[in-house]
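Single-letter residue listing:
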Protein chains: 2
Amino acid sequence: MTITVHHLNNSRSQRILWLLEELGAEYEIVPYQRDASTNLAPPELKQAHPLGKSPVIEDEGRTVTESGAIVQYLCERHGGDSWLPAKESDTHISCLEWMQFAESSFFVPVMMKIMAGRLGEDAASMMPRIDEQLAAHVAYAEERIGENLRFAGDDWSAADVMMSFPAQIALMQNFGEKAPKLARFVGEVHDRPAWKRARERGGPYFGW
Amino acid sequence: MTITVHHLNNSRSQRILWLLEELGAEYEIVPYQRDASTNLAPPELKQAHPLGKSPVIEDEGRTVTESGAIVQYLCERHGGDSWLPAKESDTHISCLEWMQFAESSFFVPVMMKIMAGRLGEDAASMMPRIDEQLAAHVAYAEERIGENLRFAGDDWSAADVMMSFPAQIALMQNFGEKAPKLARFVGEVHDRPAWKRARERGGPYFGW
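What counts as what
- Residues numbered from 1 in each chain as written.
- Chains lettered and ligands numbered in written order.
- Predicted model: local features only at pLDDT ≥ 70, side-chain atom pairs only at ≥ 80, totals over all residues.
- Heavy atoms only, no water.
- UniProt positions renumbered as here; feature names shortened; annotations may be inferred.
- Least-squares fit on C-alpha atoms with pLDDT ≥ 70 in both.
- Contact = heavy atoms within 4.5 Å.
- Pairing = 2+ DSSP bridges.
- Helix = DSSP H or I, 4+ residues; strand = E, 2+ residues; numbered from the N terminus.
- Axes fitted to C-alpha atoms, helices over the stretch in contact; angles between N-to-C directions.
- Buried area = accessible area lost by both parts, 1.4 Å probe.
- Salt bridge = Lys/Arg side-chain N within 4 Å of Asp/Glu carboxyl O.
- Polar contact = N/O pair within 3.5 Å; in protein donor to acceptor, adjacent residues only side chain to side chain.
- Nonpolar A, V, L, I, M, F, W, Y, C, P; charged D, E, K, R; others polar.

- Within an unreviewed UniProt entry, the label attached to chain A reads glutathione transferase, and the organism entered is Qipengyuania atrilutea.
- Note on chain A: under the UniProt heading Catalytic activity (unreviewed entry), the record states "RX + glutathione = an S-substituted glutathione + a halide anion + H(+)".

Printed below as a string of structure tokens:
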């Protein structure tokens, strides 16, 4: 059965397409474009999700929301066992931590920076703390990613899928030199044939 | 073996104490107090977590961070099977969604509001959109919580543990009348003997 992905350009939903390609799952994309001036998601997304969020998937009559839940769902139901470390393993816990970190801890300074950017001079007094927080979160990920460039254990995992977006944001925020492992990690992600296929189907994705 | 909880007052770590009490696990608390003027976590927390975050737990020589990962870890390793719906069930997916929602989607407008509050008049132009977003997220949770006042299925689950904090925030932000089910849900949480014990051990928690 075909999975439907409500996909917003230049967003966290790109990694859902990547995972679907890795799993060899059949899917179709319903595309949405950000507003050219505000960069906000278009109101049409509210038909897929009352809060107008992406990604959302539909599968077998069920809607699944929240990136972390979607990634875990796809791994569990669509042949992605190898992407979720076994429950008894230490890497299982690392995987859970990074899957949460990617969408919660990391996004606080990112969203703050976006908001402060909109306020311009009015938020200038907060910018040093926001920048310090963003740098601290990038440094934390850089310090903890394995020497093998994987977030949880020896192999690719759901943690890597989830963390690919924060790592890409770190590069876009010019942390490449300070976070060379994250930069190499992003390079390896983009070299995956599955990522290339997802990029092809999902359309333009930032500069990549 | 005793679990150590690094616990910040008036924070998301309160629900970790609650879950530990529900599971009958042995734990000890390392308490931290927010700075009275800035309301920020004290720098001592950085000894437990490089990013100065709470909660953090230590168990059998392992540190676990991120609320969602900690809750899942405790359910999986400390007798909380009944708190995590079986992987094959529909409620499993609902549980994953709410565990993510509680810390990611919901917290974007909450953190925005805190930041805008600090900026005062300078951020006044953004406040209507922030308030609208916060109201939309509260309404979404209100609409979807079950008539039985559980977020995932018939019984208490990890979703309820995670969502207790956003629901408490909704009440503190005066959404009680607009979100009567969330208000009753919080009431039921606070009536749990385990929650009362956690409140006793954790110390003052907002007005409750």
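Still to come is the rest of the account.
## What about the relation of the copies chain A and chain B?
- Of the two same-sequence chains, chain A is brought onto chain B (RMSD 0.0 Å, axial shift 0.0 Å) by a rotation of 180°. The superposition operator between the copies reduces to a two-fold rotation axis. The rotation axis passes nearest to the C-alpha of Ser104 of chain A in chain A, at a distance of 2.3 Å.
- Residue by residue, 100% of the interface of chain A is reproduced at the interface of chain B, so both copies engage with the same surface.

## A few points about the sheet that holds strand S3 (residues 56-59) of chain A
All names here are of chain A.
- Judged by pairing direction, the sheet is mixed, and its 4 strands sit side by side in the order S2-S1-S3-S4 without closing on themselves. With one partner strand each, in any of the chains shown, strand S2 (27-32) and strand S4 (62-65) form the two edges of the open sheet. Averaged over all neighbouring strand pairs, the angle between strand axes comes to 20°, with direction disregarded.
- Summarising the sheet, S3 and S4 pair through 4 bridges and their orientation is antiparallel. If you follow Ile57 over to S4, its bridge partner there is Val64.
- Strands in contact with helix H2 (residues 67-77) are strand S1 (3-8), S3 and S4; relative to S4, the strand with the most contacts, it is inclined by about 125°.
- In the packing of helix H8 (residues 193-202) onto the sheet, contacts are made with S1 and S2, and the angle to S2 comes to roughly 50°.

## Some words on the sheet that holds strand S1 (residues 3-8) of chain B
Residue and element names in this part refer to chain B.
- As summarised here, the arrangement of the 4 strands in space is S2-S1-S3-S4, forming an open sheet in which the pairing is mixed. At either margin of the open sheet sits one strand with a lone partner, and together these are strand S2 (27-32) and strand S4 (62-65). When the angles between neighbouring strand axes are averaged without regard to direction, this sheet yields 20°.
- One ladder, built from 6 bridges, connects S1 with S2; its direction is parallel. Bridged to Val5 within S2 is Ile29.

## A few points about the interface of chain A and chain B
- Listed per partner, the contact involves 48 residues of chain A and 48 residues of chain B.
- Roughly 4,300 Å² is buried in total at the junction of chain A and chain B, and carbon and sulfur atoms are behind 58% of that figure.
- Of all residues in chain A, Leu51, Gln100 and Met115 of chain A bury the most surface against chain B, accounting for 15% of the area lost on that side.
- Summed over the shared surface of chain A and chain B, the result is 4 salt bridges.
- For Arg62 of chain B, the salt bridge is made with Asp90 of chain A, and the minimal N-O distance between the two is 3.8 Å.
- At the junction of chain A with chain B, the criterion picks out 18 residue pairs in polar contact (both at pLDDT 80 or more).
- Mapped by element, the contributors of at least two residues to the side of chain A that touches chain B are S4, H2, helix H3 (90-103), helix H4 (107-119) and helix H5 (127-144) of chain A.
- Counting residues per element, the side of chain A that touches chain B draws most heavily on H3 of chain A, which supplies 10 residues.
- Its residues placed into classes, the side of chain A that touches chain B shows 21 nonpolar, 13 polar and 14 charged.

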